[in-house]
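Spelled out from the first residue to the last, the chains are:
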Amino acid sequence: QVQLVESGGGLVQAGGSLRLSCAASGRTFSSYSMGWFRQAPGKEREFVAGNSWRGGNTYYTDSVKGRFTISRDNAKNTVYLQMNSLKPEDTAIYYCAGSPRFSPRINEYDYWGQGTQVTVSS
């Protein structure tokens with residue numbers, strides 16, 4: 001079992017930065033690939049970024065490439081999402097999730113956090 005708790009969301013102006021954190025409990029965290037997803041009002045939840053359980057492989061959706069960076073610290077059971085050059089269209093609830101496989105597919109993820117709101121004003 002893995003329990004996930006996100007933090008770090010908030011209100012920021014366009015062009016600003018935020019760093020999201022996802023703290024995991026459970027002894028199997030280091031064996032899971034981790035992903036960040038987001039869901040905007042009226043839209044489906046979408047993949048944002050993911051990294052493999054060792055952190056060596058990363059994958060980003062095209063709209064955030066060059067602006068967002070996913071990283072993890074297995075010693076701290078924490079995964080991060082550094083978000084720079086934020087745009088109003090990045091406004092959404094952001095969720096972290098854990099999967100036994102390195103994948104951008106939402107149905108591959110077994111464990112989910114409760115989400116943290118990110119709002120980017122223009």
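Refer to the structure above for everything that follows.
Residues numbered from 1 in each chain as written. Predicted model: local features only at pLDDT ≥ 70, side-chain atom pairs only at ≥ 80, totals over all residues. Heavy atoms only, no water.

**Some details on the state of the cysteines**
Where two cysteines share a covalent bond between their sulfur atoms, that bond is called a disulfide. Summed over all chains, the structure comprises one disulfide. The disulfide partner of Cys22 is Cys96, and the gap between their sulfur atoms is 1.9 Å. Disulfide Cys22-Cys96: the torsion about the S-S bond is 50°, which places it as right-handed. Of this pair, Cys22 sits in strand S3 (residues 18–25) while Cys96 is found in strand S9 (residues 92–99), placing the two residues 74 residues apart along the sequence. (Disulfide = S-S within 2.5 Å. Helix = DSSP H or I, 4+ residues; strand = E, 2+ residues; numbered from the N terminus.)

**A short note on the sheet that holds strand S8 (residues 78–83)**
The strand order across the open sheet built from four strands is S1-S3-S8-S7, with neighbouring strands paired in antiparallel fashion. The outermost strands of the open sheet, each flanked by one partner alone, are strand S1 (3–7) and strand S7 (68–73). When the angles between neighbouring strand axes are averaged without regard to direction, this sheet yields 15°. Bridging between S7 and S8 involves six bridges; their strand directions are antiparallel. (Pairing = 2+ DSSP bridges. Axes fitted to C-alpha atoms, helices over the stretch in contact; angles between N-to-C directions.)

**Quick notes on the packing of aromatic side chains**
Taken as a whole, this structure holds seven aromatic pairs when the rule is applied. Aromatic side chains Tyr95 and Trp112 sit 6.5 Å apart centroid to centroid with 75° between the ring planes, which places their arrangement in the edge-to-face category. Note that Tyr95 is positioned in strand S9 and Trp112 in strand S10 (residues 111–112), a separation of 17 residues in sequence. Residue classification places Trp112 among the partly exposed residues on the basis of a relative accessible area of 27%. Here the aromatic residues Phe37, Phe47, Tyr59, Tyr95, Tyr109 and Trp112 are joined through ring pairs into a cluster of three or more. It is Arg19 that lies over the ring of Tyr80; its NZ or CZ is 4.0 Å from the centre. Between the NZ or CZ atom of Arg45 and the centre of the ring of Trp112, over which it lies, the distance is 4.9 Å. (Phe/Tyr/Trp six-rings, centres within 6.5 Å; stacked < 30°, edge-to-face > 60°. Buried < 20%, exposed > 50% of the residue type's maximum accessible area, 1.4 Å probe, protein only. Lys NZ or Arg CZ within 6 Å of the ring centre and 35° of its normal.)

**Points about the side chain of Asp90**
Within the secondary structure, Asp90 is located in the loop between S8 and S9. The exposure class assigned to Asp90 is buried, which follows from its relative accessible area of 1%. Engagement of the side chain of Asp90 in a polar contact is seen with the side chain of Arg38, the distance being 2.9 Å. (Polar contact = N/O pair within 3.5 Å; in protein donor to acceptor, adjacent residues only side chain to side chain.)

**Comments concerning the nonpolar core**
Grouped together as the largest cluster of nonpolar side chains are 28 residues, with contacts concentrated most on Leu4, Trp36, Val48, Phe68, Leu81, Met83 and Tyr94. For this core, the secondary structure elements donating two or more residues are S3, strand S4 (33–39), strand S5 (46–51), S7, S8, S9 and strand S11 (116–121). The element best represented in this core is S3, accounting for four residues. (Core = buried A, V, L, I, M, F, W, Y, C linked by side-chain atoms within 4.5 Å.)

**Quick look at the environment of Tyr32**
Note that Tyr32 resides in the loop between S3 and S4. What makes Tyr32 buried here is its relative accessible area of 14%. For Tyr32 and Gln3, which are 29 residues apart along the polypeptide, the C-alpha to C-alpha distance reads 12 Å. Those residues in contact with Tyr32 that sit more than four places away from it in its chain are Val2, Trp53, Arg72, Gly98, Ser99, Pro100, Asp110 and Tyr111. (Contact = heavy atoms within 4.5 Å.)

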